[in-house]
Amino acid sequence: MTTAQTQELDVQPSPLALLLLGREADPRSERGVECPGDLPSPSDPDLVARARAAKEKLGDKVFVLGHHYQRDEVIQFADVTGDSFKLARDAAARPEAEYIVFCGVHFMAESADILTSDDQKVVLPDLAAGCSMADMATAEQVAECWDALTEAGIAEQVVPVSYMNSSADIKAFTGKHGGTICTSSNAKRALDWAFEQGEKVLFLPDQHLGRNTAVRDMGMTLEDCVVYNPHRPNGGLTAEELRGAKMILWRGHCSVHGRFSLDSVNDVRERIPGVNVLVHPECKHEVVAAADYVGSTEYIIKALEAAPAGSKWAIGTELNLVRRLANRFAAEDKEIVFLDKTVCFCSTMNRIDLPHLVWTLESLAEGTLVNRIEVDTETEAFAKLALERMLALP
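Attention in this report is confined to the structure presented alongside it. Along each chain, the written sequence defines residue order, and numbers are assigned to residues from 1. Residue-level local features of this predicted model are given only where pLDDT is at least 70; pairs of side-chain atoms are given and counted only at 80 or more, and the full residue set underlies all totals for whole chains, interfaces and linings. By convention in this description, side-chain values take in all heavy atoms of the structure and omit both hydrogens and water.

**Quick look at the overall build of the chain**
What counts is decided by this rule: Helix and strand assignments follow DSSP, with helices taken as H or I runs no shorter than four residues and strands as E runs no shorter than two, numbered in order from the N terminus. Within these notes, the globule rule equals 2.2 Å times the number of residues to the 0.38 power, and the radius of gyration is based on C-alpha atoms. Only protein chains enter the accessibility calculation, which uses a 1.4 Å probe; a residue is then buried when its area is under 20% of its type maximum, exposed when over 50%, and partly exposed in between. Contacts are residue-level and defined by heavy atoms, with any inter-residue pair within 4.5 Å sufficient. Computed with the Shrake-Rupley method and a 1.4 Å probe, the accessible areas treat only the protein chains shown as cover for residues. Counted as positive: Lys and Arg. Counted as negative: Asp and Glu. His and the chain ends are not counted at all. Where a charge lies is defined by one atom per residue type, namely NZ (Lys), CZ (Arg), CG (Asp) and CD (Glu).
Each helix and strand in the chain was counted, giving 18 helices and 13 strands. Over its C-alpha atoms the chain spans a radius of gyration of 22 Å, differing by no more than 12% from the 21 Å that the globule rule assigns to 394 residues. Along the three orthogonal principal directions, the C-alpha set of the chain runs to about 70 × 60 × 50 Å. When each of the 394 residues of the chain is scored for burial, the buried share is 56%. Counting only contacts in the chain whose residues sit at least 6 apart along the sequence, the fraction spanning at least 24 positions is 68%. Accessible area for the chain stands at about 17,400 Å²; split by element, carbon and sulfur atoms hold 48% of it. For the chain, the distance from the average site of its 39 positive side-chain charges to the average site of its 60 negative ones is 4 Å.

What follows is the structure in structure tokens.
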């Protein structure tokens, strides 16, 4: 069909098509579009000096947060580093900072906006830095899931528990329906609490963290868990399957941690005799079951800090962190390798690069607010309620 024929038929591209083409943004999704304005060239040899100068000009007005999975070129400018929840709390503890520059992904910046004061402005250097896992659960899909639970007659028995790696909308849904948020380090405590409130849990959006916590840490069986697929009618489950389950797991996963396999574990044990396999609980159940140690990013860092000199470690998490840890502990003769032979960065996290950071800092230094992340009042209220329930966990 020619352009003229298309115009004659008044065919309009769908919102989804425009979104995929990068010509629209969905404010209720993790996805975004490229930032406005001209970015500095990645080959500019003065980028480091420019970032340093802009940050010095801003002084205490800016507070830069760097997630563990960020590039080294970005991490060097972070005032604090950590996982998503730690960084959001760090931001809230700095009320004098007018600008919070979050070098992470969209849901992290949302969490920071929820926890900081109204006077503080949270900025994401690249709006396209989203999270594929968070994208796997939309507000509309979760509402449909709740309808299915209601039709099965079990909604009143179900307590939602949402992973920190979820959008503000999902956190708000969780708060509105009596649930709580969890991190990879306190998931068991969150589930213990949830099962005191109800008979079943709807775990969003990472099926692997939910399954690993329930089976590995709480003694449930794989048969106690069912997976709700939002792309199939009623999640691909019968009412009987929903009624028989203790854990209703959302069909979501981390694109980085989901790539590790049992073959990866077996291969590294053959290549490096005596190696300790340490993986994140977002990995598949069979990988977690075969590992020697399992824990959050903070757990991984502390385990390597405490490891004896000369020990050998294969780490199943994002490559930027693994490489940084390998360099950090090389002097202590600790051998640290990536669990898989295939290099795997978090592609969306890596959208935050030095040109985007320089553009952000220079814009703020010139008085131009860019890429602000703002959560609407109602969503913020219910999301904050869910986060406060997590903070109150014993």
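From this point, the narrative continues.
**Here we look at helix H15 (residues 297-306)**
The α-helix winds at 3.6 residues per turn, so residues separated by three or four positions along the chain end up facing the same way. Counted only if it meets this: The reported arc concerns the directions from the helix axis to the C-beta atoms and nothing else.
Among the residues making up H15, those that are buried are Thr297, Ile300, Ile301, Ala303 and Leu304. One face of H15 carries all of its buried residues, which in axial projection span an arc of 160°. Turned more than 90 degrees away from the buried face of H15, the exposed residues are Lys302 and Ala306. Packing partners of the buried residues in H15 comprise strand E10 (276-279), strand E12 (312-316), helix H16 (319-329) and strand E13 (335-338).

**Some points on helix H3 (residues 47-58)**
What counts here: By definition here, a helix of n residues has an expected span of 1.5 Å times n minus one.
Between its first and last C-alpha atoms H3 spans 17 Å; for 12 residues at 1.5 Å apiece the expected length is 16 Å, and the two agree. Listing the buried residues of H3 in full gives Leu47, Ala51, Ala54, Lys55 and Leu58. Seen from one end, H3 has its buried residues packed into an arc of 100°, which puts them on one side. Away from its buried face by more than 90 degrees, H3 exposes Glu56 and Lys57.

**A closer look at the sheet that holds E10**
Filter applied, for reference: Whether two strands pair comes down to DSSP finding at least two bridges between them. Every angle, taken between N-to-C directions, lies between 0 and 180 degrees, and every axis is a line fitted to C-alpha atoms, over only the stretch in contact when it is a helix.
The 4 strands lie next to each other as E11-E10-E12-E13, forming an open sheet whose pairing is parallel. In the strand order of this sheet, the two ends are held by strand E11 (293-294) and E13, each with one partner. Across 4 bridges, E12 lies against E13 in parallel orientation. Its bridge partner being in E13, Lys312 is matched across the sheet by Glu335. Against the sheet, H16 touches E12 and E13, its axis set at about 165° to E13.

**With respect to unusual backbone geometry**
Residue Pro205 follows Leu204 across a cis peptide bond; omega there is -20°. Relative to the elements of secondary structure, Pro205 occurs in the loop between strand E7 (200-204) and helix H11 (207-217). Positioned with a positive phi, Asn234 is a non-glycine residue whose angle comes to about 55°. The topology assignment puts Asn234 in the loop between strand E8 (225-228) and helix H12 (239-244). For Asp333, which is not a glycine, the phi torsion comes out positive at approximately 60°.

**What to know about the packing of aromatic side chains**
Just so we agree on the cut-off: The aromatic pairing rule takes the rings of Phe, Tyr and Trp, using the six-membered ring of Trp, and pairs them if the centres are within 6.5 Å, calling planes under 30 degrees apart stacked, those over 60 edge-to-face and the rest tilted.
Scanning the entire structure with this criterion turns up 4 aromatic pairs. With 5.6 Å between their ring centres and 80° between their planes, Trp146 and Phe173 make a pair best called edge-to-face. Of this pair, Trp146 sits in helix H8 (residues 139-151) while Phe173 sits in helix H9 (residues 168-176), and the two are 27 residues apart along the sequence. Neither residue differs from the other here; Trp146 and Phe173 are each classed as buried.

**A few points about the pairing of strand E9 (residues 247-250)**
Put simply, the rule reads: When the strands point away from the viewer and the path from the first strand over the helix to the second turns clockwise, the crossover is right-handed.
What you see with E9 is no split at all: Met247 and Leu249 on one side and Ile248 and Trp250 on the other are buried throughout. Two elements, E7 and E9, share 3 bridges in a ladder whose sense is parallel. Directly across from Phe203, in E9, lies its bridge partner Leu249. As paired elements, E8 and E9 share 4 bridges and run parallel to each other. Residue Val227 lies in a different strand from E9, and its bridge partner there is Leu249. Note on the crossover from E8 through H12 to E9: the handedness is right-handed.

**Things to note about the pattern of salt bridges**
Threshold: The salt bridge definition used is simple: a Lys or Arg side-chain nitrogen within 4 Å of an Asp or Glu carboxyl oxygen.
By the definition in use, this model includes 17 salt bridges. The residue Asp79 makes a salt bridge to Lys55 at a minimum N-O spacing of 2.9 Å. Remark: Lys55 occurs in helix H3 and Asp79 occurs in the loop between helix H4 (72-75) and strand E2 (80-82); sequence separation between them is 24 residues. For Asp79, a relative accessible area of 35% translates into the label partly exposed. On the basis of relative accessibility, which here comes to 18%, the residue Lys55 falls in the buried class. One salt-bridge network, held together by shared partners, links Asp44, Arg50 and Glu362.

**Some points on the nonpolar core**
Selection criterion: As used here, the term nonpolar core means buried Ala, Val, Leu, Ile, Met, Phe, Trp, Tyr and Cys residues forming a set that is joined through side-chain atoms within 4.5 Å.
Ranked by internal contacts, the top residues of the largest apolar core, which has 108 residues, are Val101, Phe203, Met247, Val279, Ile336, Leu339 and Leu361. Per-element tally for this core: the top contributor is helix H17 (residues 354-365), with 7 residues. Excluding its chain neighbours within four sequence positions, the residues that come into contact with Val101 are Val62, Phe63, Val64, Leu65, Val123, Pro125, Leu357, Thr360, Leu361 and Leu364.

**Focus on the environment of Phe63**
By secondary structure assignment, the location of Phe63 is in strand E1 (residues 62-67). For Phe63, a relative accessible area of 3% translates into the label buried. Considered as a pair, Phe63 and Thr379 are 316 residues apart in the sequence and their alpha carbons are 25 Å apart. Residues in contact with Phe63, not counting those within four places in the same chain, are Asp79, Val80, Asp90, Ala91, Arg94, Ala97, Tyr99, Ile100 and Val101.

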